[in-house]
Amino acid sequence: MRLYGAVFFMIVIGSDHAGFELKCEIIKFLKEKNIDFIELGCMDGSSCDYPLVAKEVCEKIVDGSADKAILICGTGIGISIAANKIKGIRAALCTNEYMAKYTRLHNDANVLCMGGRVIGAGVAAEITETFLNTEFEGGRHQRRVDQITEIEK
Ligand code: RB5
């Protein structure tokens, strides 16, 4: 694992076929930033099912082998719905940096979801950078995150 910001980071990233191109762009970005990552899911553009990718990727967060995850499908919606079914996962679909910043500050999101058919590589890289560099604010937001955890039980 390498140092990113002030924290040791391991990222797990996965996509379905519709997110594959954007996943490759984000992997380029992670390499440029020397961020270590595990790549899962669809390894080319052939059709695969996003719920299975979400499950495989989120298991790496739940078992502690990765700190944060990035999931990409066509819209980002299906894969975020699937990810949010898994206990301990707070997956946030982001289409801009503001959403990425506040889902970290307020929701302590641990999975970033994006739509490969919705946003371009430049915006997606900026969203990723903001998501990975923003710390949870805690305080009153911790209480609300705890309430989400209660709902899972
Ligand atoms: C695949 O065609 C598409 O349905 C999927 O990538 C995603 O957009 C679902 O929400």
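See the structure above.
Let us look at the structure shown here.

About the thresholds
- Residues numbered from 1 in each chain as written.
- Predicted model: local features only at pLDDT ≥ 70, side-chain atom pairs only at ≥ 80, totals over all residues.
- Heavy atoms only, no water.
- 1 Å grid on protein atoms, 1.4 Å probe; cavity = no way out; pocket = protein on both sides within 12 Å on 5 of 7 lines; lining within 4 Å.
- Points joined across faces, edges and corners; volume = space filled by probe spheres on them.
- Helix = DSSP H or I, 4+ residues; strand = E, 2+ residues; numbered from the N terminus.
- Nonpolar A, V, L, I, M, F, W, Y, C, P; charged D, E, K, R; others polar.
- Salt bridge = Lys/Arg side-chain N within 4 Å of Asp/Glu carboxyl O.
- Buried < 20%, exposed > 50% of the residue type's maximum accessible area, 1.4 Å probe, protein only.
- Near = heavy atom within 4 Å.
- Polar contact = N/O pair within 3.5 Å; in protein donor to acceptor, adjacent residues only side chain to side chain.
- Areas by Shrake-Rupley, 256 points an atom, 1.4 Å probe, with all protein chains shown as cover.
- Phe/Tyr/Trp six-rings, centres within 6.5 Å; stacked < 30°, edge-to-face > 60°.
- Lys NZ or Arg CZ within 6 Å of the ring centre and 35° of its normal.
- Contact = heavy atoms within 4.5 Å.
- Expected span 1.5 Å × (residues − 1).
- Arc of directions from axis to C-beta.

Considering the layout of surface pockets
Link 1 in the chain: One number sums up the size of the largest pocket: a volume of about 190 Å³.
Link 2 in the chain: Lining the largest pocket are 14 residues, with Asn84, Ile89, Arg90, Ile148 and Glu152 positioned closest to its centre.
Link 3 in the chain: In terms of residue count, helix H6 (residues 140-152) provides more of the lining of the largest pocket than any other element does, 3 residues in total.
Link 4 in the chain: Of the residues assigned to the lining of the largest pocket, the class counts are 7 nonpolar, 3 polar and 4 charged.

Section: the pattern of salt bridges
Link 1 in the chain: Summed over all chains, the structure comprises 7 salt bridges.
Link 2 in the chain: For glutamate 39, the salt bridge is made with lysine 23, and the minimal N-O distance between the two is 2.9 Å. Highlighted residues: glutamate 39 in strand S3 (residues 36-41) and lysine 23 in helix H1 (residues 20-32), separated in sequence by 16 residues.
Link 3 in the chain: By relative accessible area, which is 27% here, glutamate 39 ends up partly exposed.
Link 4 in the chain: For lysine 23, a relative accessible area of 0% puts it in the buried group.
Link 5 in the chain: Through salt bridges that share partners, Arg90, Arg104 and Asp108 make up one connected network.

Details of the site of the ligand
Link 1 in the chain: As a structural note, the neighbourhood of the ligand is formed by Asp16, His17, Ala18, Tyr50, Cys73, Gly74, Thr75, Gly78 and Arg117.
Link 2 in the chain: Measuring from an oxygen atom of the ligand, one finds a side-chain N or O atom of aspartate 16 at 2.6 Å.
Link 3 in the chain: The contact in question runs from an oxygen atom of the ligand to an N or O atom on the backbone of glycine 78, over 2.9 Å.
Link 4 in the chain: In isolation the ligand offers 290 Å² of accessible surface; the protein chains occlude 72% of this area.
Link 5 in the chain: In the shell around the ligand, the residues fall into 3 nonpolar, 4 polar and 2 charged.

A short note on the packing of aromatic side chains
Link 1 in the chain: Applying the stated criterion to the full structure yields 1 aromatic pair.
Link 2 in the chain: Ring centres of tyrosine 98 and tyrosine 102 lie 4.6 Å apart, and the angle between their planes is 35 degrees; on these two criteria the pair is classed as tilted. With a gap of 4 residues between them, tyrosine 98 and tyrosine 102 both fall in helix H4 (residues 97-105), about one helical turn apart.
Link 3 in the chain: The exposed category is assigned to tyrosine 98, whose relative accessible area is 58%.
Link 4 in the chain: Of note, arginine 104 hangs over the ring of phenylalanine 131, and the distance from its end group to the ring centre comes to 5.9 Å.

Remarks on H4
Link 1 in the chain: When we look at burial in H4, the residues that qualify are Ala100, Thr103, Arg104 and Leu105.
Link 2 in the chain: Buried residues belonging to H4 abut strand S4 (68-73), strand S5 (91-93), helix H5 (121-133) and H6.
Link 3 in the chain: For H4, the side-chain oxygen to backbone nitrogen distance between the N-cap and tyrosine 98 is 3.1 Å, and the N-cap itself is asparagine 96.

Side note on helix H2 (residues 50-62)
Link 1 in the chain: Under the 1.5 Å per step criterion, the end-to-end length of H2 is 18 Å for 13 residues, consistent within 8% with the ideal 18 Å.
Link 2 in the chain: Three or more residues of H2 are buried, namely Val53, Ala54, Val57, Cys58 and Ile61. Considered in projection along H2, the buried side chains sweep an arc of 115 degrees and stay on one side of the axis. Residues of H2 that are exposed and point over 90 degrees away from its buried face: Leu52 and Val62.
Link 3 in the chain: Once H2 finishes, glycine 64 follows within two positions and takes phi at roughly 85 degrees, a positive value.

Remarks on the side chain of serine 80
Link 1 in the chain: Its location among the elements puts serine 80 in helix H3 (residues 77-83).
Link 2 in the chain: A relative accessible area of 8% means that serine 80 is categorised as buried.
Link 3 in the chain: Residues contacting serine 80, with those up to four places away along its chain left out, are Ala91, Leu93 and Cys113.

Any functional reading would require information that these geometric values do not contain.
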